[in-house]
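These are the residues of each chain, in order.
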Amino acid sequence: MSANGGRGSMHNERLDERLSDAELELFIQYLHRFAHHDVDISARMEVGDPEHPVYVLFGRDYPPVGDASDYGRPLAERRRPTSTADINDGG
């Protein structure tokens, strides 16, 4: 990634590409770390293409919007069984 115009934003030349399996797994690991360390009550973001943004809400509010069973753990089917959550296995 390279700096974009010195405005503090980043530009990724691969923006039009899907994430590889390895990149997706790394993203999920970073997402778990972000949720564990940086989300106090909630974090709201607008991301993606400014013409068609995606609105993301990370929150610790309970109950969640909708039924809690609607929320799956990313890559859960690929994790090895453990007795405790481990950031290195995506959980």
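In case you missed it, the structure is sitting above this.
Residues numbered from 1 in each chain as written. Predicted model: local features only at pLDDT ≥ 70, side-chain atom pairs only at ≥ 80, totals over all residues. Heavy atoms only, no water.

J.: Would you explain the overall build of the protein in this entry?
T.: Each helix and strand in the protein was counted, giving 1 helix and 4 strands. The order of helices and strands in the protein, counted from the N terminus, is β-β-α-β-β. Counting the 91 residues in the protein, one finds 11% classified as buried. Within the protein, counting contacts between residues at least 6 apart in sequence, those at least 24 apart form 28% of the total. (Helix = DSSP H or I, 4+ residues; strand = E, 2+ residues; numbered from the N terminus. Buried < 20%, exposed > 50% of the residue type's maximum accessible area, 1.4 Å probe, protein only. Contact = heavy atoms within 4.5 Å.)

J.: Help me understand the environment of Pro74 in this model?
T.: Note on placement: Pro74 falls in the segment after strand 4 (54-59). Overall, the relative accessible area of 33% leaves Pro74 in the partly exposed class. Residues Pro74 and His32 lie 42 residues apart in sequence; the distance between their C-alpha atoms is 9.9 Å.

J.: How should I be thinking about the environment of Val54 in this particular structure?
T.: Within the fold, Val54 resides in strand 4. Judged by its relative accessible area of 45%, Val54 falls in the partly exposed class. Apart from the residues within four sequence positions on either side, Val54 is in contact with Met45, Glu46 and Val47.

J.: Would you mind going over the pairing of strand 4 with me for this structure?
T.: Along any regular strand the residues' side chains alternate between the sheet's two faces. Where strand 3 (residues 42-47) and strand 4 come together, 6 bridges link them in antiparallel fashion. Of the residues in strand 4, the one forming a bridge with Glu46 is Tyr55. Hairpin geometry of strand 3 and strand 4 is characterised by an intervening segment of 6 residues between the two adjacent antiparallel strands and by a positive phi of about 85° at Gly48. (Pairing = 2+ DSSP bridges.)

J.: What exactly am I supposed to notice about helix 1 (residues 21-37) here?
T.: For helix 1, which comprises 17 residues, the first-to-last C-alpha distance of 24 Å matches the rise-based estimate of 24 Å (1.5 Å per residue) to within 8%. Along helix 1, the positions that sit buried rather than exposed are Ile28, Gln29 and His32. Down the axis of helix 1, the smallest arc covering the buried residues is 95°, so these residues share one side. (Expected span 1.5 Å × (residues − 1). Arc of directions from axis to C-beta.)

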